[in-house]
Amino acid sequence: MSVENNMNPNEIWQAILGEMEVLLSKPNFNTWFKNTSLLSVDKNQAVIAVPNEFTASWFRKKYHTKIFEAIKKHCPILKIDYKIISPQVNEQLKTAFEIKLIEPPEKHPDKTPTSHNGLRADFTFDSFVVGGQNRLAYATALAVAQSPGVVHNPLFLYGGVGLGKTHLLHAIGNQIFKNEQKAKIFYISCEDFCNEFIYSIQTNTTESFKKKYRNVDVFLVDDIQFLSRKEGTQQEFFHTFNALHQKNHQIVMTSDRLPREIPHLESRLSSRFGGGMVADIQMPETETRQAILKAKSQARGWDVPNPILEFIAQNIKSNVRELEGALNRLVTQAMITNQEITPEFATNTLEGIIASNSHKNFDPSEIIAKTAQYFNLAVNDILGKSRERKLVRPRQIAMYIMRDELNMPFPKIGDVLGGKDHTTIMHGVKLITNLIKKDEQTQNHITLIKENLYSAN
Amino acid sequence: MKIECTQERLSHAIQLVAKISTPKATLPILGNLLLTTKKGGLKISATDLEIGITTWIGAKIDQEGALTVPTRLLSEFISTNSDKNILLEGTENNLKLKSEHFNANIKGIEASEFPIIPEVKSDFTFSVPKTLLSEAISQTVFSTAMDDTRPVLTGVLFKVEKNLVKVVATDSFRLAEKTINLAKPTTEKAEFIIPAHTLQEVVRILPVAELNVEISVSSNQVLFNFGSGTELVTRLVDGEFPDYTQIIPQAKKTSVAVIKREVASAIKMASYFARESANNIKVVAGVGKGLQIVATSPQLGDNVSQVSAEIVGEEIEISFNAKYLLDALSIIEGEKVCFELNGKFSPAVLKPEKNKDYLYIIMPLRLEE
């Protein structure tokens, strides 16, 4: 092969790609010129490698003259030949084959140790307070950390916000790292995964993206529910998942709901997510909450009297994050004002937080008002007797919220709704209770109305 | 283009090819169907640049022509249209559809933008009865590898020699081999690997194919001719399939004959108990004692099933992944199946008792005791 000027085939092809990219639309360019190259060029002919027969035919029909002219600028050729070279061919094809035993995944001694990739050192199993509501999640996570890829693969942890899912996820990573320094542990939030994937498409680096994720030993993904509605990322995640699972590499995911309840998630994914172990974490009971507070204050070297911890634990019931927040606020406030933490001081300082945590501080009429406002109705529509469907459902939702939030007796709800029979209310509440389980939309309505109620206070 | 055809034929033809269309591809036209008048009928094509599929239906042609229209919209319009006949009138990039009760205009892209579905300049063609082909694919394709670290294993090997076609798939944990006997011997030898994904499409089309399917092979493409104008072209997987014959056990130390239904349901039951231990179940074959299927889970509990069996040879205790066994038991033919075992750590063979044309090899699990 001899080239007339000083450019090698690769440089010539890069120049041509640049030219074609200007002439063609982006989808056209990306579809047809991906995985092409100039194999050789001499006085007679240029040989162009194309990935498949489709591209070969298309080049012959559509771009032949353009490519021919473009190459001629660099080297006077007479003709072009197209050769199909599958981009997949690699070294592994040549290795000898045998059916191998399925054994626990090998540890790779030659791989470079990965640093604590995004893992928080303080999130360990030791610092996790175990109670009745999270014992299962804790035990499975511990089992996974002790023998990754063997027992529960994939492990799926779900529960509400601030209950310790992320803590357990980090703890698994930290524990495995402690046992096996060379294990490649990768922690990522689902959102980062999506963003990185999109970025890799933009920069045409999907190959290295794939490589990066398909070669980890332990894959920890936080908040997997963010895959919802992201079809492209779902597809990529599906392949990553399969590649890892096939090799018995451990996958752990967290989410705020069950796999099958994540909306707009392909069923092949949700069934895979649920294919290993699914464990839930619920709000811990008062005793555990108190133990958590105790552990936190000890870890930070604070000396908070037990009755105060008990007071916080009893009054803050929403989630562990708020629990910690309340403790932090109390201690900081005490330090700033240089006061002792007494029950009175605690009550005063935490008044605001506790009030917003209590469910009993709004009026039934407020619920009716907010529900009406949410559905763009007049309050009288809700209180009225019309059986129009667009009025009946909001009315039932108002009943449900009153029952759920204020725990009002059925006849009382009937009264505030303009004198309705208690059986009507019972029916309405039951109907919505059932509907929530099936209908995402109703669930959303209720969440949003409740949010309005809380934010108004 | 101006043609008229029956709704029924058109709808069937569109259903047949539409699945290959990929509306989310980078290139928008890959989400379209190409409609071309040809030989007194309508040719409909779709491609995803890996598979190209074409079908043909008879139609009354008033004016020749071609264009492409979005697959989804066309398919939805035609399948919900209840009239008997549909008139299609196309300009370069607009398709007007008319029937007794329904009218529609669908915007399209001109035909010259549609990728050319490659012709297979065949070196070699042979013909297979569709029932045998369908059976062979269904009984092997599930054993292909899902991950693409070894591309050759994501496809199914077809090895043609004289009057035998061996169809083989493996993911390196298990291997399935089906032999098809051809009525008349082929002239040449050939070996090629077809992507599993393509074969799933082939199986989907086979029920409407003519009795014999013609397969033509070139160096990097294969063409399935299903008859009556329906054809599918696909790339072949590049690379060489490993020599799998070396792992077929030549001897057997223990042979176990059981009723398929009984052993399958026992393994199914055990798999419920093995959910937490990687589907790990134990098979105990004692001579004269029948077969025992055991699953133990530290969390869930345990399960033991007795299956009556004819056992010849050494007694053995061996562990398998229940899923791999169930995969095979669900597609093996015949009332009885036969396990051939060669000790705890050697590949085991599972095959139908009567037929010699199917072979499933599975690697046992090495248990840490």
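Residues numbered from 1 in each chain as written. Chains lettered and ligands numbered in written order. Predicted model: local features only at pLDDT ≥ 70, side-chain atom pairs only at ≥ 80, totals over all residues.

### Overview of helix H1 (residues 7-18) of chain B
Residue pairs three or four apart in sequence face the same way in an α-helix, which turns once every 3.6 residues. All names here are of chain B. Stated precisely, the cut-off is as follows: By the criteria applied, helices consist of DSSP H or I runs no shorter than four residues and strands consist of E runs no shorter than two, each listed in order from the N terminus. Each residue after the first adds 1.5 Å to the expected span of a helix. We call a residue exposed when 12 or fewer other C-beta atoms sit within 10 Å of its C-beta, buried when the count reaches 20 or more, and partly exposed for counts in between; the C-beta positions come from the backbone. Working definition: the arc comes from the directions between the helix axis and the C-beta atoms, pointing outward to the latter.
With 12 residues, H1 ought to run about 16 Å at 1.5 Å a step, and its terminal C-alpha atoms sit 16 Å apart, in line with that. Here H1 has its buried residues at Leu10, Ala13, Ile14, Leu16 and Val17. Seen from one end, H1 has its buried residues packed into an arc of 160°, which puts them on one side.

### Concerning the sheet that holds strand E7 (residues 250-255) of chain A
Residues and elements named next belong to chain A. Note the following rule: Note: two strands are recorded as paired if DSSP finds a minimum of 2 bridges between them. Axis angles are defined between N-to-C directions and span 0 to 180 degrees, where every axis is a line fitted to C-alpha atoms and, for a helix, only to the segment in contact.
The strand order E5-E6-E7-E4-E8 describes an open sheet built from five strands, whose pairing is parallel. Sheet topology places strand E5 (185-189) and strand E8 (277-281) at the edges, where each strand pairs with a single neighbour. This sheet shows a mean twist of 15° between the axes of neighbouring strands, independent of strand direction.

### A closer look at the interface of chain B and chain A
The condition is simple: Any residue pair is listed as a contact if its two C-beta atoms, each placed from the backbone, are within 7 Å. We call Asp, Glu, Lys and Arg charged. Ala, Val, Leu, Ile, Met, Phe, Trp, Tyr, Cys and Pro are nonpolar, and the rest, Gly among them, are polar.
On the side of chain A, 30 residues touch chain B, which itself brings 34 residues to the contact. Here the side of chain B that touches chain A is built from residues that sort into 18 nonpolar, eight polar and eight charged.

### Notes on the nonpolar core
Which entries qualify depends on this criterion: Defined on buried residues, the nonpolar core groups Ala, Val, Leu, Ile, Met, Phe, Trp, Tyr and Cys residues joined through C-beta atoms within 7 Å.
Counting 111 residues, the largest nonpolar core has B:Val17, B:Leu33, B:Val156, B:Ala270, B:Ile281, B:Phe320 and B:Ile362 as the members making the most contacts within it. Other than its neighbours up to four places away in sequence, B:Val156 contacts B:Thr140, B:Val141, B:Thr144, B:Val167, B:Val168, B:Ala169, B:Ile193, B:Ile194, B:Ala196 and B:Leu199. One finds A:Leu119, A:Phe177, A:Ile316 and A:Leu350 within the second-largest nonpolar core, a separate group that totals 64 residues.

### Some details on the UniProt feature "binding site: ATP" (unreviewed entry) in chain A
All names here are of chain A. Quick reminder of the rule: UniProt positions are given in the numbering used here, feature names are shortened, and annotations may be inferred rather than shown by experiment.
Those places that UniProt annotates as "binding site: ATP" (unreviewed entry) correspond, in this numbering, to Gly162, Gly164, Lys165 and Thr166. Checked against the element boundaries, lysine 165 lands in helix H5 (residues 165-179). Lysine 165 sits in the buried class, given 26 other C-beta atoms within 10 Å. In contact with lysine 165, not counting residues within four places along its chain, are Leu157, Gly159, Thr254 and Ile281. With respect to the secondary-structure elements, threonine 166 resides in helix H5. With residues up to four places along the chain from it excluded, the contact list for threonine 166 reads Asp222 and Thr254.

### Regarding the environment of A:Leu17
Within the element layout of this structure, A:Leu17 appears in helix H1 (residues 9-23). With 20 residues separating them along the chain, A:Leu17 and A:Ser37 place their C-alpha atoms 9.4 Å apart.

### Re the environment of A:Ile16
Within the secondary structure layout, A:Ile16 lies in helix H1. Overall, A:Ile16 belongs to the buried group, with 23 C-beta atoms counted inside 10 Å.

### A word on helix H10 (residues 286-299) of chain A
Residue and element names in this part refer to chain A. The first and last C-alpha atoms of H10 sit 20 Å apart over 14 residues, in line with the 20 Å expected at 1.5 Å per residue. Where H10 is concerned, the buried positions are Arg289, Gln290, Ile292, Leu293, Lys296 and Ser297. Around the axis of H10, the buried residues are gathered within 155° of arc, so they sit on the same side. For H10, the exposed residues set more than 90 degrees away from the buried face come down to Glu287, Gln298 and Ala299.

### What to know about the confidence of the model for chain A
All names here are of chain A. Counted only if it meets this: Scored between 0 and 100, pLDDT is the confidence that the predictor attaches to each residue.
Chain-level statistics for chain A give a pLDDT mean of 81 and a share of 89% at 70 or above. Predicted confidence is poor over residues 90-96, with pLDDT under 50, and the contacts of this stretch with residues over four places away or in other chains come to five contacts. The low-confidence segment residues 101-116, where pLDDT is below 50, has 28 contacts with residues more than four positions distant or belonging to other chains.

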